[in-house]
Amino acid sequence: MPPLPGAELVRTPVHLYRYLLRCCKQLPTRAMSQHYQHAIRQGYNSHTDEDDPERIQLIIQRAISDADWILYKYKKK
């Protein structure tokens, strides 16, 4: 499944954070959106001390693929 538009522009953790919050707006209900927004905030805060560029890129790639999977899952219903 290809990434959502804008995924190729994500280079830094802040870009990732903003991208994921924009993805939440595409979820079908407000409750789902709030749930995933909270999870995104928690994930961002838990990784603020990462300083290894390779690890940061790995986290970014994984987060984008997870977001794509979640949006695809709810769009199928």
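Given the structure is predicted, the values throughout are model-derived calculations rather than measurements.

**Q** Help me understand the overall build of the protein chain, please; the structure alone is not making it clear to me.
**A** The helix and strand inventory of the protein chain stands at three helices and zero strands. Reading the secondary structure of the protein chain in the N-to-C direction produces α-α-α. Relative to the compact-globule value of 11 Å for 77 residues, the protein chain shows a C-alpha radius of gyration of 12 Å, a close match. A buried classification covers 30% of the 77 residues belonging to the protein chain. Here the protein chain has roughly 5700 Å² of accessible surface; of this, 56% comes from carbon and sulfur atoms. Across the protein chain, the mean location of the 12 positive side-chain charges is 15 Å away from that of the 8 negative side-chain charges.

**Q** What is the right way to read the environment of His47 from this model?
**A** Mapped onto the elements, His47 comes out in the loop between helix H2 (30-46) and helix H3 (53-76). On the basis of relative accessible area, His47 is assigned to the partly exposed category, the value being 33%. Taking C-alpha positions, His47 is 18 Å from Ser65, a pair spaced 18 residues apart along the chain. If we ignore the near neighbours within four places in the chain, the residues touching His47 are Arg55 and Ile59.

**Q** Any chance you could explain the pattern of salt bridges here in plain terms?
**A** Where side chains of opposite charge bring their charged atoms close, a pairing between them can arise. Summed over all chains, the structure comprises two salt bridges. Where Glu50 meets Arg55, a salt bridge forms, and the shortest distance between an N and an O atom there is 3.7 Å. Salt-bridge contacts for Asp66 lead to Arg62; the nearest nitrogen and oxygen are separated by 3.1 Å. Here Arg62 and Asp66 lie together in helix H3, a separation of four residues that amounts to about one turn. The exposure class assigned to Asp66 is partly exposed, which follows from its relative accessible area of 32%.

**Q** Honestly, the UniProt feature "domain: Complex 1 LYR protein" (unreviewed entry) in the protein chain in this entry has me stumped. Any pointers?
**A** UniProt feature "domain: Complex 1 LYR protein" (unreviewed entry): in the numbering of this structure it lies at residues 12-68. Secondary structure across residues 12-68 divides into 79% helix and 0% strand, with the first and last C-alpha atoms of the span separated by 18 Å.

**Q** For this particular structure, what's the right way to read a negative patch on the surface?
**A** A cluster of like negative charges, contributed by Asp49, Asp51, Asp52 and Glu54, occupies part of the molecular surface. By the element assignment, Asp52 lies in the loop between H2 and H3.

**Q** Explain helix H1 (residues 13-24) here, please?
**A** Residues separated by three or four positions in an α-helix point in the same direction, a consequence of the helix having 3.6 residues per turn. With 12 residues, H1 ought to run about 16 Å at 1.5 Å a step, and its terminal C-alpha atoms sit 17 Å apart, in line with that. Within H1, burial applies to Leu16, Tyr17, Tyr19, Leu20, Cys23 and Cys24. In an axial view of H1, the angular spread of the buried residues amounts to 165 degrees, which keeps them on one side of the axis.

Conventions adopted
- Residues numbered from 1 in each chain as written.
- Predicted model: local features only at pLDDT ≥ 70, side-chain atom pairs only at ≥ 80, totals over all residues.
- Heavy atoms only, no water.
- Helix = DSSP H or I, 4+ residues; strand = E, 2+ residues; numbered from the N terminus.
- Rg over C-alpha atoms; globule rule 2.2 N^0.38 Å.
- Buried < 20%, exposed > 50% of the residue type's maximum accessible area, 1.4 Å probe, protein only.
- Areas by Shrake-Rupley, 256 points an atom, 1.4 Å probe, with all protein chains shown as cover.
- Lys, Arg positive; Asp, Glu negative; His and termini not counted.
- Charge placed at Lys NZ, Arg CZ, Asp CG, Glu CD.
- Contact = heavy atoms within 4.5 Å.
- Salt bridge = Lys/Arg side-chain N within 4 Å of Asp/Glu carboxyl O.
- UniProt positions renumbered as here; feature names shortened; annotations may be inferred.
- Patch = residues over 30% accessible without salt bridge, like charges linked within 9 Å, V, L, I, M, F, W, Y side chains within 5 Å.
- Expected span 1.5 Å × (residues − 1).
- Arc of directions from axis to C-beta.

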